[in-house]
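# Results of the structural survey
Here's the letter readout for the chains.
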Protein chains: 2
Amino acid sequence: MTLPTANAALIALDWGTTSLRAYLLDGTGRTLQTRALPWGIMRLPERRADTPIPPAADDGFEIAFDEACGDWLRDQPHLPVIASGMVGSAQGWREAAYLDVPVDLSGIARLMTTIERPGRTSVHIVPGLIQHGDLPNVMRGEETQIAGILALRRSETADLLIGLPGTHSKWVRVRHGEVIHFDTYMTGEVYAALRDHTILGRTMVPNAPADPYGFARGLAVAGSPDGRAGLLSNLFSTRTLGLTGQLDGSAQADYLSGLLIGHEVASVLALQRAAGPLPRIVLCGQEDLCQRYVQALRLHGADDLELAPHATERGLWHLAQAAGLVPAQSV
Amino acid sequence: MTLPTANAALIALDWGTTSLRAYLLDGTGRTLQTRALPWGIMRLPERRADTPIPPAADDGFEIAFDEACGDWLRDQPHLPVIASGMVGSAQGWREAAYLDVPVDLSGIARLMTTIERPGRTSVHIVPGLIQHGDLPNVMRGEETQIAGILALRRSETADLLIGLPGTHSKWVRVRHGEVIHFDTYMTGEVYAALRDHTILGRTMVPNAPADPYGFARGLAVAGSPDGRAGLLSNLFSTRTLGLTGQLDGSAQADYLSGLLIGHEVASVLALQRAAGPLPRIVLCGQEDLCQRYVQALRLHGADDLELAPHATERGLWHLAQAAGLVPAQSV
């Protein structure tokens, strides 16, 4: 197999808690190859007999790194490497800096943390963001997606609300390129815990196909006067609608998803609208999950929406340029 | 050992999902003996070689029943038996009726479901309550506690809000002895799922002693302007306060408990107050859990409060009287 490294200019890693994605980019930022590995920082691989890295480098991060891009680097040893995500956390490969919010993201590339690997290629880790206050907030990885979104529209939009749905959804207010505030919603992780570890999961049909009607019904409840009873109360209707024959087991998981996303979006929009007019909303994340959020946002009257695909690799490319790891271009 | 059955008049069973409590009551309703067994309907015992019940009665309900009160019945075979709780659910010993809310609880004893056990003592199961509507609600077991609370104060208070904290907390509005509405909050079960199956549990010190300061802090956040971000957002502060050194691992479980109970109580009181003046609140449940709810209610300005201990055995006694299983008394 011929490696596509001839035109390569950068290796970019999106390294989170449960997965590792590696991108090989050319000198214009175009993606030449992508790899997805299950080696998140909480589930690193063990050394294999045929691992071609030096015996000293006997830790899981090195092994995962080698599987992600070792062949690219053996072919082109001078390719720079940039990484973002939980790889820079206290439980990661090397703890990277946090930048305090509010922060102008144009300067984020100045605070890279470098893992020096004697005789081998260094790895540059993007800083995360921290927001101090009564209830602090942190992100690692999403700042790169934000940078990717902003790189394409620096002059175009002064004010944005960026939504990053996922295990821990982030909602980020950006003004003139500056991140001024963000909130975290544990929606994805709470959904999985409720489905897998409470009575609500007992009557759900496992691996049922998506049920758009069940999802829409959950959204509607969260946004209705019944929603005022609060999430902890609404949750129980997943069970009682099933008990009374009004919600099939095959629809209950999506109904629960609708309740949770509906409560998240209702809270986010209420907070944002209390602070002033709602700006344009940009969603970035897994395609089908983003479509659920589009539906929730529209139900609540938020119609000025767009999706931002590929923001992670855009962001890593942009930050590598800003850090001087690859030559800057005039786009 | 001498059995205390000489003065016994009733065997009363509180039989839930995870536990079975048996009460032996005398002719005035006084408790002669109490037994607590781990044989909830979802974890019934298996047959033991020395089980003294007939071979035909080879199911878990019979075995658990025998362990709970078989010796009492062998001594006094004509003692009546009343039971309430999930033992009357579709997964229970025998599915019992549901009464539709609104309902006058004085008539509840007319709908007992009887398990006939040829040659042996019958078991009478109390009906549960169901509330129809867009979001239905159900209870099994709490109706007995409510009956116990009301039996002692029928003429005294026209309007009550009864709180029954637990795995699935119930909040029940009673007017002139009639249950007119109730809501369920999955607070206890959600707490356990979040603690045991999300990232929030990772930094908690296991089996830490209760931390009243951590609990009060969670309550305060839920009731503050920060609470408007919603529960799904507030939850994450359990982690970020830990990350930033502001909340010890030994306080994080109680902080999470405070957040959840705080959101539950805030929603309950907002709904109740939207409907009119807040009536007296009666709390019934595990003592230390009730104290947490007292603290939450007081923080939100609900000061007309009392605790109702022993409501389950009071209720079972009262319903047995109303059903004619034991002679009615003039109290």
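Since the structure is predicted, the reported quantities are computational estimates derived from the model, not experimental observations. (Residues numbered from 1 in each chain as written. Chains lettered and ligands numbered in written order. Predicted model: local features only at pLDDT ≥ 70, side-chain atom pairs only at ≥ 80, totals over all residues. Heavy atoms only, no water.)

### So, helix α1 (residues 60-75) of chain A
At 3.6 residues per turn, the α-helix brings residues three or four places apart onto the same side. Residue and element names in this part refer to chain A. Rule in force here: Here a strand is any run of E in DSSP of at least two residues, a helix any run of H or I of at least four, and the numbering for each starts at the N terminus. Take the residue count of a helix, subtract one, and multiply by 1.5 Å to get its expected span. For a residue, the bend is simply the angle between two axes, fitted respectively to the seven-residue segment ending there and the seven-residue segment starting there. The buried label goes to any residue with under 20% of its type's maximum accessible area, the exposed label to any with over 50%, and the partly exposed label to all in between, with areas taken from a 1.4 Å probe on protein chains only. Here, residues are in contact when the closest pair of their heavy atoms is within 4.5 Å. Here a polar contact is taken to be a pair of N or O atoms separated by no more than 3.5 Å, where protein atoms must pair a possible hydrogen donor with a possible acceptor and residues adjacent in sequence count only if both atoms sit in side chains.
In this model, α1 (16 residues) spans 22 Å end to end at C-alpha, consistent with the 22 Å of a helix rising 1.5 Å per residue. Of all the bends in α1, the greatest measures close to 65° and is centred on C69. α1 sits mainly inside the fold: 12 of its 16 residues count as buried. Looking at α1, one finds that the buried residues are G60, F61, E62, I63, A64, F65, D66, A68, C69, G70, W72 and L73. Buried residues along α1 sit against β1 (8-15), β2 (20-26), β3 (31-37), β4 (81-84) and β8 (123-125). With a side-chain oxygen positioned 3.0 Å from the backbone nitrogen of F61, the residue opening α1 is D59.

### Observations regarding the domain arrangement of chain A
Residue and element names in this part refer to chain A. Selection criterion: Note that the domain bounds were set by an automatic or database domain assignment. Buried area counts how much accessible surface, traced with a 1.4 Å probe, disappears from two parts once they are put together, with both parts' losses summed. In the sections that follow, a salt bridge refers to a side-chain nitrogen of Lys or Arg positioned within 4 Å of a carboxyl oxygen of Asp or Glu. Under the convention adopted here, Pro, Cys and the residues Ala, Val, Leu, Ile, Met, Phe, Trp and Tyr are nonpolar, Asp, Glu, Lys and Arg are charged, and Gly plus all remaining residues are polar.
Domain assignment breaks chain A into domain 1 (1-133) and domain 2 (141-321). Each of domain 1 and domain 2 has a C-alpha centre, and the two are 28 Å apart. With 31 residues of domain 1 at the contact, the number on the domain 2 side is 20 residues. Overall, the association of domain 1 and domain 2 removes approximately 1,900 Å² of surface from exposure, summing both partners, and the carbon and sulfur fraction of that is 68%. Remark: the boundary between domain 1 and domain 2 carries 0 salt bridges. Linking domain 1 with domain 2 are 7 residue pairs in polar contact (both at pLDDT 80 or more). Breaking the side of domain 1 that touches domain 2 down by element, the ones donating at least two residues are β1, β2, β4, β6 (103-104) and β9 (128-131). Broken down by element, the side of domain 1 that touches domain 2 gets its largest block of residues, 5 residues, from β1. Of the residues in the side of domain 1 that touches domain 2, the class split is 19 nonpolar, 9 polar and 3 charged.

### Notes on the interface of chain A and chain B
Each partner contributes to the interface: chain A provides 50 residues, whereas chain B provides 49 residues. For the pair chain A and chain B, the summed buried area comes to about 3,700 Å², and 72% of that belongs to carbon and sulfur atoms. The tally of links from chain A across to chain B stands at 0 salt bridges. Contributions of two or more residues to the side of chain A that touches chain B are made by β10 (137-139), β13 (178-185), α3 (187-197), α5 (231-234), α6 (237-243) and α7 (252-274) of chain A. Sort the elements by how many residues they give to the side of chain A that touches chain B and α3 of chain A lands first, with 6 residues. Partitioned by chemical class, the residues of the side of chain A that touches chain B number 25 nonpolar, 16 polar and 9 charged.

### Some points on the pairing of strand β2 (residues 20-26) of chain B
All names here are of chain B. Selection rule: Here a strand pair is declared whenever DSSP counts at least two bridges between the two strands.
Within β2, 6 of the 7 residues are buried, which leaves the element mostly enclosed by the surrounding structure. In textbook terms, the turn of a hairpin is the stretch between consecutive antiparallel strands, and for strand β1 (residues 8-15) and β2 this stretch comprises 4 residues. As defined by bridge partners, β2 adjoins strand β3 (residues 31-37) across 6 bridges and the pair is classed as antiparallel. Within β3, the position partnered with L24 by the bridge is Q33. Turn length for the β2-β3 hairpin, with the two strands adjacent in sequence and antiparallel, is 4 residues, and the turn residue G29 shows positive phi of about 90°.

### Quick word on the packing of helix α4 (residues 212-223) of chain A against helix α8 (residues 287-299) of chain A
All names here are of chain A. So the rule is basically this: Helix axes use the C-alpha atoms of the stretch in contact, all axes being lines fitted to C-alpha atoms, and the angles between their N-to-C directions lie in the range 0 to 180 degrees. By the definition adopted for this analysis, an angle is roughly parallel if under 35 degrees, roughly antiparallel if over 145, roughly perpendicular if from 65 to 115, and oblique otherwise. Here a crossing is taken to be left-handed if its near helix is turned anticlockwise relative to the far helix by less than a right angle, and right-handed if that turn runs clockwise.
The contact between α4 and α8 brings their axes to 11 Å, and the two run at 40°. Taken together, the axes of α4 and α8 are oblique relative to one another. α8 is crossed by α4, and the crossing has right-handed handedness. Contact residues: α4 offers F215, A216, L219 and A220, while α8 offers R292, Q295, A296 and L299.

### Regarding the pattern of salt bridges
Residue and element names in this part refer to chain A. One pass over the structure, following the stated rule, counts 22 salt bridges over all chains. A salt bridge links D71 to R35; its shortest N-O distance comes to 2.8 Å. One end of the pair, D71, is in helix α1; the other, R35, is in strand β3, with 36 residues separating them in the sequence. Judged by its relative accessible area of 24%, D71 is partly exposed.

### Considerations on the relation of the copies chain A and chain B
How we decide: In superposing the copies, a least-squares fit is computed on C-alpha atoms, taking residues whose pLDDT is at least 70 in both.
Screw-axis analysis of chain A against chain B gives a translation of 0.0 Å along the axis, an RMSD of 0.1 Å, and a rotation angle of 180°. The superposition of one copy onto the other is thereby described by a two-fold rotation axis. Every residue of chain A has its C-alpha some distance from the rotation axis, and the shortest such distance is that of A193 of chain A, at 3.0 Å.

### Here we look at the environment of P80 of chain A
Tracing the chain through its elements places P80 of chain A in the loop between α1 and β4. With 244 residues separating them in the primary sequence, P80 of chain A and G324 of chain A have C-alpha atoms 9.9 Å apart.

### Describing helix α2 (residues 142-151) of chain B
In terms of burial, α2 of chain B is largely enclosed, as 9 of its 10 residues are buried. Listing the buried residues of α2 of chain B in full gives E142, E143, T144, Q145, I146, A147, G148, I149 and L150 of chain B.

### So, the confidence of the model for chain A
Note the cut-off: Predictor confidence is given residue by residue as pLDDT, running from a minimum of 0 to a maximum of 100.
Residues at a pLDDT of 70 or more form 94% of chain A, whose mean pLDDT is 93. Reported for the predicted complex are a pTM of 0.93 and an ipTM of 0.92.

### Points about the sheet that holds strand β10 (residues 137-139) of chain B
Residue and element names in this part refer to chain B. Strand order in the open sheet formed by 3 strands is β5-β9-β10, with mixed pairing between adjacent strands. Every other strand in the sheet has two partners, leaving β5 (98-100) and β10 as the edge strands with one partner each. Mean inter-strand twist for the sheet, computed between neighbouring axes without regard to direction, equals 25°. Note: strand β9 (residues 128-131) against β10, 3 bridges, orientation antiparallel. Looking at the pairing, Q131 lines up with N137 of β10.

### So, unusual backbone geometry
Residues and elements named next belong to chain A. Residue P102 is bonded to the preceding V101 through a cis peptide linkage, with omega at 5°. A positive phi angle, close to 50°, is found at H176, a residue other than glycine. Turning to its location among the elements, H176 is positioned in the loop between β12 (169-175) and β13. Among the residues examined, H176 registers a relative accessible area of 62% and is labelled exposed.

### So, the packing of α7 of chain A against α8 of chain A
Residue and element names in this part refer to chain A. The interhelical angle for the contact between α7 and α8, taken along N-to-C directions, is 60°, at an axis separation of 9 Å. Between α7 and α8, the crossing angle belongs to the class labelled oblique. Where α7 crosses over α8, the handedness of that crossing is right-handed. Between α7 and α8, the contacting residues are D254, S257, I261, E264, V265 and L269 on the first element and L289, R292, Y293, A296 and L297 on the second. Tallied by class, the residues present in the contact of α7 with α8 amount to 7 nonpolar, 1 polar and 3 charged.

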